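Chain residues, written in single-letter form:
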Amino acid sequence: MKRYETFADQIAELIREGVLAPGERVPSVRQASRQYGISHSTVFQAYYLLEDRGLIVARSRSGYYVREQARRVLHEPRMTPSRQESADVAVSELVFSVLDSLQDPDTVPFGSAFPSPELFPLARLARSMTKGLREMSGNEVLKDMTAGDADLRRQIVLRYTLKGMPLPPEELVITSGAMEALNLGLQCVTEPGDLVAIESPAFYASLQILERLKLRAVEIPVHPREGVDLDVLADSLARLPIKACWFMSHLQNPLGASLDDDRKRALYALIKRHRVPLIEDDAYAELHFGTTPPKPVKQFDDAGLVIHCGSFSKSLAPGYRVGWVAAGRVAEAISRLKLMTTISPSVPAQMAIADYLQHGGYDRHLRQLRHALETQQGRMLAAAAQHFPAETRATHPAGGYFLWFELPERVDSLRLFHLARERGISLAPGPIFSATQGFRHCLRLSYGHPWTPRSEAAMETLGELIETF
């Protein structure tokens, strides 16, 4: 990173943590230069960057101030108690109706599970794919088909190592996106009828997988900021024959909650004590807003119990369907199961990503992507504060591209979904995130697309529709 980018991120962190409040003046150019030991030019470049990110605003003859993102602050949602018993899962029809609402390109995509393609270096990836196709050897394709492209695996192992988590290459398996990694991991450690501890609310795809594999869900409540409730999990593991846990330890979908390192360590101690494998869905790992990348629960795994799943779909290459699993003790079983099903993800797609990771400036792209998402989050929160009812609560995640809204209890988010769809707006209603179809008055909105006047108008329309209940 250039020096002005580093300084800009330091100021952004102060804003994010509330040290610099909305409307407060940031250090003057002279103060910042003296305090941080940088030139006036570096300070100006940093402040210009923060202006572009929508975090500060210049006032004539007065200096720079933290932007007033909203006239009021939306309070954090409350944590919903869980039944703590097992339940059959049947959410697919609801999920398919939400996904169908995104087919119309004129729909405002607040219900989308993916960020906008405009945020990704697709042209540069295409050049990497062309290069890979020219250099592709038939023998190498066959040799690497099961475990994955050797260059890509080396690049992923390198990123683990740079995060202080050396990974044996033989533990890594390339998959068709994170969803295949999660599917394979779950199939390797469960049988139909088994109980699986999942989050509540949970990513709807995890519920669909449980439904397809005829597994039963034990819902563990998630705090909107601190993550999965470890006390409830401990009680459930002690009382019920749970065969696996499936959690997102960082930027959980849909809440955006993240466990800190102490809670991750405690989570690992729990699963180790009960010898229950953890399928760790870490698809949003690279989308953190802070300067320090978080480490997963996998960092504590000394017994091969954590099946750590990642993907490039949310951070680099949507549509390429390239993910991976650091599979611990079940790596060989996952490789064999993959050979019996999909065999291999697209080899050219793997080669393209491997070349990009090595030569394309992946970390520079990630910084730009994080800055864009942080700006878009601020604008959606500001719009919600302006247009939604006063009782509305919302999450404030430190990354990702989803916000979870708790609306007044009179609001039926399924009915709101249909009303909004008639107005050309997609959203994700709360019941699709629950095995028992709870969270009826909640919804998830995506800020993963560039903010436009149409986005602002859609938030105003949603506010008007909510007021009709």
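This text goes with the structure placed above it.
Cut-offs and rules
- Residues numbered from 1 in each chain as written.
- Predicted model: local features only at pLDDT ≥ 70, side-chain atom pairs only at ≥ 80, totals over all residues.
- Heavy atoms only, no water.
- Helix = DSSP H or I, 4+ residues; strand = E, 2+ residues; numbered from the N terminus.
- Buried < 20%, exposed > 50% of the residue type's maximum accessible area, 1.4 Å probe, protein only.
- Contact = heavy atoms within 4.5 Å.
- Areas by Shrake-Rupley, 256 points an atom, 1.4 Å probe, with all protein chains shown as cover.
- Lys, Arg positive; Asp, Glu negative; His and termini not counted.
- Charge placed at Lys NZ, Arg CZ, Asp CG, Glu CD.
- Core = buried A, V, L, I, M, F, W, Y, C linked by side-chain atoms within 4.5 Å.
- Expected span 1.5 Å × (residues − 1).
- Arc of directions from axis to C-beta.
- Polar contact = N/O pair within 3.5 Å; in protein donor to acceptor, adjacent residues only side chain to side chain.
- Axes fitted to C-alpha atoms, helices over the stretch in contact; angles between N-to-C directions.
- Parallel < 35°, antiparallel > 145°, perpendicular 65-115°, else oblique.
- Left-handed = near helix turned anticlockwise from the far one by under 90°.
- Pairing = 2+ DSSP bridges.

Caption draft 1: Seen up close, the overall build of the protein chain. A count of helical and extended segments in the protein chain gives 16 helices and 17 strands. Across its three principal axes, the protein chain shows a C-alpha extent of roughly 65 × 55 × 45 Å. Every one of the 469 residues in the protein chain was classed for burial, and the buried ones make up 58%. Restricting to contacts in the protein chain with at least 6 residues of sequence separation, those with at least 24 account for 76%. For the protein chain, the computed accessible surface area is about 19,900 Å², with 51% contributed by carbon and sulfur atoms. Of the side-chain charges in the protein chain, 54 are positive and 55 negative, and the distance between the mean point of each set is 4 Å.

Caption draft 2: Spotlight on the nonpolar core. Ranked by internal contacts, the top residues of the largest apolar core, which has 57 residues, are Phe110, Phe388, Phe405, Leu416, Leu445, Met459 and Leu462. Secondary structure elements with two or more residues in this core: α4 (92-100), α9 (204-212), α14 (362-387), β14 (402-406), α15 (413-422), β17 (442-446) and α16 (453-467). With 8 residues, α14 is the single largest residue contributor to this core. The next biggest cluster of nonpolar side chains, apart from the first, holds 28 residues, and it includes Val189, Ile198, Leu207 and Leu210.

Caption draft 3: Spotlight on helix α11 (residues 261-274). Between its terminal C-alpha atoms α11 stretches 20 Å, which fits the 20 Å expected from 14 residues at 1.5 Å a residue. Buried within α11 are the following residues: Lys264, Leu267, Tyr268, Leu270 and Ile271. Down the axis, α11 shows its buried residues gathered within 155° of arc, on one side only. Facing away from the buried side of α11, by more than 90 degrees, are the exposed residues Asp262 and Arg273. Check the buried side of α11 and you find it contacts α10 (230-239), β9 (242-247), β10 (278-281) and β11 (306-311). Two or three places before Asp262, at the opening of α11, Asp260 has a side-chain oxygen 3.2 Å from that residue's backbone nitrogen. Looking at the residues trailing α11, positive phi occurs at Arg275, about 55°.

Caption draft 4: Broad picture of helix α2 (residues 29-36). Of all the residues in α2, the buried ones are Val29, Ala32 and Ser33. With its buried residues spanning 100° around the axis, α2 presents them on a single face. In α2, the exposed positions angled more than 90 degrees off the buried face are occupied by Arg30, Arg34 and Gln35. Against the buried residues of α2 lie α1 (3-16) and α3 (40-52).

Caption draft 5: Layout of the environment of Lys338. In this structure, Lys338 sits in helix α12 (residues 331-340). A relative accessible area of 0% places Lys338 in the buried class. Remark: the alpha-carbon pair of Lys338 and Asp106, spanning 232 residues in sequence, is separated by 38 Å.

Caption draft 6: Highlighting the side chain of Thr395. With respect to the helices, strands and loops of the structure, Thr395 is situated in the loop between β13 (393-394) and β14. Here Trp404 takes part through its backbone nitrogen, which lies 3.0 Å from a polar atom of the side chain of Thr395. Discounting residues that sit within four places of it in the chain, Thr395 has contacts with Pro77, Pro224, Leu255, Leu381, Leu403 and Trp404.

Caption draft 7: Expanded view of the packing of α15 against α16. Here α15 crosses α16 at 135°, and the two axes come no closer than 10 Å. As summarised for this structure, α15 and α16 are arranged oblique, according to the angle between their axes. Here α15 runs over α16; the crossing is right-handed. Here α15 contributes Leu416, Leu419 and Ala420 to the contact with α16, which in turn contributes Leu462, Leu465 and Ile466.

Caption draft 8: Representation of the pairing of strand β5 (residues 172-175) within the structure. A two-sided burial pattern is seen for β5, the buried positions comprising Leu172 and Ile174 on one face and Val173 and Thr175 on the other. With 4 bridges connecting them, β5 and strand β12 (residues 323-326) associate as antiparallel partners. By the bridge assignment for β12, Leu172 is matched with Ala326.

Caption draft 9: Representation of the pairing of strand β1 (residues 56-59) in the model. When β1 meets strand β2 (residues 63-66), the two strands line up antiparallel, connected through 4 bridges. Across the sheet, residue Val57 finds its bridge partner in β2, namely Tyr65. With antiparallel pairing between neighbouring strands as the criterion, β1 and β2 make up a hairpin whose turn holds 3 residues, including Arg61 at a positive phi of roughly 60°.

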